[in-house]
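# Chain and residue survey
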Amino acid sequence: MKLFYVQRYCSSLATLNLNLRAKESQILNHCKSGALFNAFRLFNSIDWTKLSNKPFFFASLLQTCVKVVSFDHGLQIHAHVIKSGLESDRFVGNSLLALYFKLGPNFFEARRVFDGLYFKDVISWTSMITGYIKLQKPSLSLELFWEMLELGIEPNGFTLSAVIKACSDLGELKLGKCFHGVVVIRGFDSNIVIICALIDMYGSNHEPDDARILFEELPDPDAVCWTSVISAFIRNDMYDKGLGFFYLMQREHGLLPDEYTFGTVLTACGNLGRLKQGRELHAKVITSGLNGNVVVESSLVDMYAKCGMVDDSQRLFERMATKNSVSRCALLGGYCHNGDFKSVLRIFREMEDADLYSFGTIIRACAGLGAVQQGKEVHCQYVRRGSWRDVVTESALVDLYAKCGCIDFAHRIFQQMAVRNMISWNAMIRGFAQNGRGDEAVRIFDEMIKQGNKPDRLSFLGVLFACSHAGLVDKGREYFASMTETFGIKPVIEHFNCVVDLLGRAALLDEAESLIQNSEYRDNSSLWVVLLGACATYTNSATAERIAKKTMQLKPDYHLSYIYLSNIYRTVGRWDDAAKILGLMKDRRVKKMPGMSWT
């Protein structure tokens with residue numbers, strides 16, 4: 001009799017185990033198909049403490065929660081994980097981290113889970129490193145990377161791709177090149193994801209030629225690689241080169257552009273003001289089935305606005321089925337680009353909830369209007385939103401207050417900035433220069449270089465302007481020479497204008513004339529007019545006469561050439577010659593521009 005009950009018990013136990021295994025299998029199948037609610041319904045009907053492979057089971061449920069975006073169900077599984085003591089399992093720990101990283105209310109919760117993991121592998125570390133980059137905190141991602149290396153954990157391809165992206169964001173070219181070496185040594189140089197990250201890094205750090213060389217070494221680049229190198233060209237103002245590669249990828253390689261490719265080349269058309277080409281690309285967007293894509297349509301809004309078609313830009317924006325912060329900023333930026341600053345402020349007032357990214361454009365509009373009071377109101381709204389520490393908006397604030405004469409306030413904001421980019425530095429340099437504080441502009445410029453930031457054309461334009469108005473001749477010569485010799489930046493007409501003005505103010509007219517004669521802009525009338533203006537201050541009539549005649553030759557209808565020379569003749573008592581110049585101006589029907597007053 002006892003044997004009968006034992007056999008019956010064993011049979012019942014076996015049946016229960018079979019039922020449990022069957023339900024367990026069904027739950028896993030539901031997880032594979034993404035049927036989370038069916039999986040949970042079965043899960044609640046079993047004794048989960050008797051599961052055969054708890055780590056795999058819980059990890060599968062967590063991954064399904066991520067797949068179907070159900071954080072609340074993930075929290076329930078987390079509670080079961082804690083009860084079962086499986087937090088120390090590597091597979092379960094990484095699944096938990098993915099849940100909080102992708103669905104958690106904030107990144108700090110994910111960091112807390114990460115810090116509490118018993119076992120951290122390269123996947124765990126890479127998740128956090130990538131997370132900080134998405135939060136726009138690349139310096140913290142690099143700190144975490146160094147910490148990972150100190151613990152002896154070897155990076156994988158995804159880790160290297162993430163830290164290379166951090167170098168792009170931080171402008172760390174030297175460190176990026178070091179990672180490039182690591183990529184080659186570790187044999188990741190055939191990894192398309194990493195190569196695209198390197199191409200982007202070189203493009204972001206003003207090395208488009210290195211980006212091109214890296215691209216050309218690829219045996220069979222895909223559309224993503226083409227988009228990366230096109231973006232590198234366009235980011236460095238090589239718009240024609242970028243557009244050439246865009247057509248090349250389609251005609252000779254048969255690759256189809258995606259939304260990011262179109263977004264990039266539309267930016268080039270906008271910056272070049274090529275409306276016809278932009279319309280052709282718009283037609284290609286429609287035939288490619290990308291009409292309605294928010295990335296592409298935002299770029300179209302930007303392109304039409306930059307080509308002066310603000311009404312078309314507005315209509316396109318209004319027809320967009322999906323609008324985001326980028327599309328709103330594109331519209332506001334278009335009005336700003338066309339100097340319609342009042343429309344920017346009007347649209348801002350009509351917006352129910354202004355995006356963080358729109359504040360920078362709105363503040364730029366206030367700067368364009370010289371409306372410091374309105375700028376302060378926008379500044380207050382920005383601070384009340386708790387959004388302090390956005391580098392784009394803070395840079396715009398520095399520019400606003402500097403342009404409105406509140407240079408000390410601008411400097412205070414600049415000093416408080418946690419992160420500075422080239423726009424921030426340039427705004428501060430230009431602000432000091434335009435407010436008559438050339439020495440401080442020079443100090444900021446030197447500080448920028450000491451901190452490892454490479455100056456661009458606008459940086460040199462600001463510091464040369466400062467040197468000119470502060471009479472810092474030696475410093476100006478030094479900076480102008482360093483443009484090409486140290487930083488490899490080719491000076492343009494605006495830089496020559498500043499240096500000619502600098503030398504002219506210091507009465508170094510012969511040196512200024514020699515500089516013009518030896519430049520590629522020797523036949524540009526604006527340089528000679530700047531030098532002629534300097535001649536008006538000094539009594540070197542022979543030099544002034546030579547320069548004025550050169551200006552009249554290059555631009556016969558430019559009234560200031562005649563007026564400057566006439567004034568110089570009067571200064572030295574050559575009244576007859578002054579009268580002849582004014583007579584010549586009258587005979588050539590050159591009209592003097594009327595004066596204007598603010599009153």
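The rules we used
- Residues numbered from 1 in each chain as written.
- Predicted model: local features only at pLDDT ≥ 70, side-chain atom pairs only at ≥ 80, totals over all residues.
- Heavy atoms only, no water.
- Helix = DSSP H or I, 4+ residues; strand = E, 2+ residues; numbered from the N terminus.
- Buried < 20%, exposed > 50% of the residue type's maximum accessible area, 1.4 Å probe, protein only.
- Salt bridge = Lys/Arg side-chain N within 4 Å of Asp/Glu carboxyl O.
- Phe/Tyr/Trp six-rings, centres within 6.5 Å; stacked < 30°, edge-to-face > 60°.
- Lys NZ or Arg CZ within 6 Å of the ring centre and 35° of its normal.
- Arc of directions from axis to C-beta.
- Contact = heavy atoms within 4.5 Å.
- Polar contact = N/O pair within 3.5 Å; in protein donor to acceptor, adjacent residues only side chain to side chain.
- UniProt positions renumbered as here; feature names shortened; annotations may be inferred.
- Axes fitted to C-alpha atoms, helices over the stretch in contact; angles between N-to-C directions.
- Parallel < 35°, antiparallel > 145°, perpendicular 65-115°, else oblique.
- Left-handed = near helix turned anticlockwise from the far one by under 90°.
- Expected span 1.5 Å × (residues − 1).
- Nonpolar A, V, L, I, M, F, W, Y, C, P; charged D, E, K, R; others polar.

## Topic: the overall build of the protein chain
Looking only at helices and strands, the protein chain has 34 helices and zero strands in total. Taken over 599 residues, the protein chain has a buried fraction of 47%.

## A few points about the pattern of salt bridges
Scanning the model with the defined rule gives 21 salt bridges in all. Note that Lys475 and Asp446 form a salt bridge whose closest N and O atoms lie 3.5 Å from each other. Highlighted residues: Lys475 in helix α28 (residues 473–485) and Asp446 in helix α26 (residues 438–450), separated in sequence by 29 residues. On the accessibility criterion, Lys475 (30% relative accessible area) is partly exposed. Among the residues examined, Asp446 registers a relative accessible area of 24% and is labelled partly exposed. Here Lys490 makes a salt bridge to Glu520, at a shortest N to O gap of 3.2 Å. On the criterion of sequence distance, the pair formed by Lys490 in the loop between α28 and α29 (493–505) and Glu520 in the loop between α30 (509–517) and α31 (525–535) is long-range, its members being 30 residues apart. Salt bridges sharing partners connect three or more residues here, namely Arg279, Asp312 and Arg315.

## So, unusual backbone geometry
Located in the positive-phi region is Asp237, a residue other than glycine, with phi close to 65°. Among the structural elements, Asp237 can be located in the loop between α13 (223–235) and α14 (239–251). Of note, Ala507 is a non-glycine position whose phi angle comes to about 65°, a positive value.

## Some points on the packing of aromatic side chains
Tallied over the full model, the rule gives 18 aromatic pairs. Taking NZ or CZ as reference, Arg420 lies 4.2 Å from the ring centre of Phe414, over its face. Over the face of the ring belonging to Trp425 we find Arg420, whose NZ or CZ atom lies 5.2 Å from the ring centre.

## Re helix α12 (residues 208–216)
All of the buried residues in α12 are Pro208, Ala211, Leu214 and Phe215. Down the axis of α12, the buried side of the element spans an arc of 120°, and every buried residue falls inside it. In this structure, the buried residues of α12 make contact with α10 (173–185), α11 (192–204), α13 and α14.

## Overview of the side chain of Asp312
Its location among the elements puts Asp312 in helix α18 (residues 310–319). The exposure class assigned to Asp312 is buried, which follows from its relative accessible area of 18%. At a separation of 3.3 Å, a polar atom in the side chain of Asp312 contacts the side chain of Arg279. Contacts of Asp312, omitting those with residues within four sequence positions, involve Arg279 and Tyr304.

## Remarks on the UniProt feature "repeat: PPR" (unreviewed entry) in the protein chain
In this structure's numbering, the residues bearing the UniProt feature "repeat: PPR" (unreviewed entry) are residues 121–155, 222–257, 293–323, 324–358 and 421–455. With 74% helix and 0% strand, residues 121–155 has end C-alpha atoms that lie 10 Å from one another.

## Section: the packing of helix α6 (residues 107–116) against helix α7 (residues 122–134)
At a closest axis distance of 11 Å, the pairing of α6 and α7 adopts a crossing angle of 160°. In terms of orientation, α6 and α7 fall into the roughly antiparallel class. Note on packing geometry: the crossing formed by α6 with α7 is left-handed. Facing α6, whose interface residues are Phe107, Ala110, Arg111 and Phe114, α7 presents Ser124, Trp125, Met128, Gly131 and Tyr132.

## Some details on the side chain of Ser141
Within the element layout of this structure, Ser141 appears in helix α8 (residues 138–150). Non-local contacts of Ser141, meaning those with residues more than four positions away in its chain, are made with Ile129, Tyr132, Ile133 and Ala166.

## Looking at the environment of Asp577
Along the chain, the position of Asp577 falls in helix α34 (residues 575–587). Relative accessible area serves as the criterion here: at 22%, Asp577 is assigned to the partly exposed category. Each C-alpha atom of the pair Asp577 and Ser566 lies 7.4 Å from the other, and the pair is eleven residues apart in sequence. A polar contact is formed between the side chain of Asp577 and the side chain of Arg574, at a distance of 2.7 Å.

## Considerations on α8
Because an α-helix packs 3.6 residues into every turn, residues spaced three or four apart end up facing the same way. Across its 13 residues, α8 extends 19 Å between first and last C-alpha, which sits within 8% of the 18 Å expected from 1.5 Å per residue. All of the buried residues along α8 are Pro138, Ser141, Leu142, Leu144, Phe145 and Met148. The buried residues of α8 occupy an angular sector of 160° when projected down its axis, which confines them to one face. Where α8 terminates, the next one or two residues include Gly152, which has phi positive at roughly 80°.

## Examining the environment of Leu275
You can see Leu275 is positioned in helix α16 (residues 275–287). Sequence separation between Leu275 and Tyr304 is 29 residues; the distance between their C-alpha atoms is 7.1 Å. Once residues within four sequence positions are removed from consideration, Leu275 is found in contact with Tyr304, Cys307 and Met309.

## A closer look at the environment of Val301
Here Val301 is to be found in helix α17 (residues 294–306). Here the alpha-carbon distance between Val301 and Leu316, two residues 15 residues apart in the chain, equals 6.4 Å. For Val301, the residues in contact, after removing those within four places along its chain, are Ser313, Leu316, Phe317, Met320, Ser327, Ala330 and Leu331.

## Looking at the packing of α17 against α18
Where α17 contacts α18, the two axes come as close as 7 Å, and the packing angle between them is 160°. Our classification of the angle between α17 and α18 gives roughly antiparallel. Taken as a pair, α17 and α18 cross one another with a handedness that is left-handed. For the pair α17 and α18, the contacting residues are Glu297, Leu300, Val301, Tyr304 and Ala305 in the first and Val310, Asp312, Ser313, Leu316 and Phe317 in the second. Its residues placed into classes, the contact of α17 with α18 shows seven nonpolar, one polar and two charged.

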